[in-house]
Amino acid sequence: MTPAERFFCADAARARGDAFTGTAPYGRVWVLIECRRSWPVNGFDGLDLDPGTKELVFSAARANRARLLLVRRPGRRRPGGSDRWAVLRHDDSGALLQQWGSWRLDQDLARIVTALRSPGEQGGPPVVLVCAHGLHDVCCAVRGRPVGRALSERWPDLVWESTHVGGDRFAANVVVVPDGVYYGGLDAASSLTVVQEHLAGRIHADHLRGFTTLYPPQQAALAAVLRHFGPAGRTDYAIVGTVRDKDGWHVTVSGRPPHGRLLDVEVRARPTPPLRLTCRGPEGSSALVYEVVSLREG
């Protein structure tokens, strides 16, 4: 197969105009493990680690519904030294909590289990993850690595490449954690603008896939509010009610000053026609698209 004949899911999604609003997977807890060697196609699951330690970490992450990702710094691999791990979370009160450690031996990773049982420290800078997992999907590498390089030149201490975060066809994908905000369809130039605005407390609807603390209809409703009223901070709006009826959902969004307003957003879902959604995926798959049909002040 020649390069011209090869199927690239991100190219196809952009040509079709695939909607990515409401596609952020749900989650509040993130476990990051620095791994500078080659990543297996299935990420942490495929690492050659001490079996006992590996099972401890995997079981603890599953019990906490934590997303377990391998990470590394973009660009040239640094030699020697310890690798890092982190447990990052967005708790029910809205606080952002972090714990960091280092590992040299497989057994050192068992400290992640203890970290998952404790709240961690509040504050600290966010982590910017760029999916660049080429063995999982080639578009993640082709589109993700240039974005990782561009962002790391601007924010070298914040940016990491990561294994699969979901939504291959929306590459390049960037996730800010523990904020839990997914962005998609980025390139080097747009990623710099998106991350700069995010760090300044201005989340825009453009490129926003969703907040991981919300479910897809709620993500779509909040994106519509941001698109209508303009950018806002991570906690400037809150979902205070979601009611499902036969046609879809009515999501009630409350704004905090200076965004003080109560909004009713009607969201409906429809399946896409049969598509090929990933580079390695089969033909004939379908995805749900969440569409806002009305937005009114309550």
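Keep in mind it's a predicted model, so treat the numbers as computed, not measured.

**Looking at the pattern of salt bridges**
Across all of its chains, the model carries 10 salt bridges by this definition. Where glutamate 197 meets arginine 202, a salt bridge forms, and the shortest distance between an N and an O atom there is 2.8 Å. Among the residues examined, arginine 202 registers a relative accessible area of 37% and is labelled partly exposed. The partner of arginine 296 in a salt bridge is aspartate 264, and the shortest N-O contact between them spans 3.5 Å. With arginine 296 in strand 14 (residues 288-297) and aspartate 264 in strand 13 (residues 262-271), the pair connects residues that are 32 residues apart, well separated along the chain. By relative accessible area, arginine 296 is classed as partly exposed at 44%.

**A short note on the pairing of strand 2 (residues 66-72)**
Buried residues dominate strand 2, accounting for six of its seven residues. In this fold, the crossover linking strand 1 (residues 29-34) to strand 2 by way of helix 2 (residues 51-63) has right-handed handedness.

**Observations concerning helix 2**
With 13 residues, helix 2 ought to run about 18 Å at 1.5 Å a step, and its terminal C-alpha atoms sit 18 Å apart, in line with that. By the burial criterion, the buried members of helix 2 are Thr53, Lys54, Val57, Ala60 and Ala61. Looking straight down helix 2, one finds that the buried residues subtend no more than 140 degrees of arc, so they occupy a single side. Seen from the buried face of helix 2, the exposed residues on the opposite side, beyond 90 degrees, are Pro51, Arg62 and Ala63. Along its buried surface, helix 2 packs onto strand 2 and helix 3 (111-116). One or two steps after helix 2, the chain reaches arginine 65, where phi turns positive at roughly 50 degrees.

**Remarks on the pairing of strand 11 (residues 237-244)**
In this sheet, strand 12 (residues 249-255) lies alongside strand 11 in antiparallel orientation, the contact comprising seven bridges. Counted as the bridge partner of isoleucine 239 is valine 253 from strand 12. Counting the residues in the hairpin turn of strand 11 and strand 12 gives four residues.

**Quick look at the sheet that holds strand 2**
In space, the 10 strands of this open sheet follow the order 5-4-3-1-2-7-6-8-9-10, with mixed pairing throughout. Two strands lie at the open edges of the sheet, namely strand 5 (121-122) and strand 10 (208-211), each paired on one side alone. Summarising the sheet, strand 8 (residues 174-177) and strand 9 (residues 181-183) pair through three bridges and their orientation is antiparallel. Opposite valine 175, over in strand 9, you have tyrosine 182 as the bridge partner. Sitting on the sheet, helix 4 (residues 138-154) touches strand 2, strand 6 (127-131), strand 7 (159-162) and strand 8, and the angle it makes with strand 6 is about 150 degrees.

Conventions adopted
Residues numbered from 1 in each chain as written. Predicted model: local features only at pLDDT ≥ 70, side-chain atom pairs only at ≥ 80, totals over all residues. Heavy atoms only, no water. Salt bridge = Lys/Arg side-chain N within 4 Å of Asp/Glu carboxyl O. Buried < 20%, exposed > 50% of the residue type's maximum accessible area, 1.4 Å probe, protein only. Helix = DSSP H or I, 4+ residues; strand = E, 2+ residues; numbered from the N terminus. Right-handed = clockwise from strand over helix to strand, strands pointing away. Expected span 1.5 Å × (residues − 1). Arc of directions from axis to C-beta. Contact = heavy atoms within 4.5 Å. Pairing = 2+ DSSP bridges. Axes fitted to C-alpha atoms, helices over the stretch in contact; angles between N-to-C directions.

The values reported here are purely geometric and, on their own, carry no functional implication.
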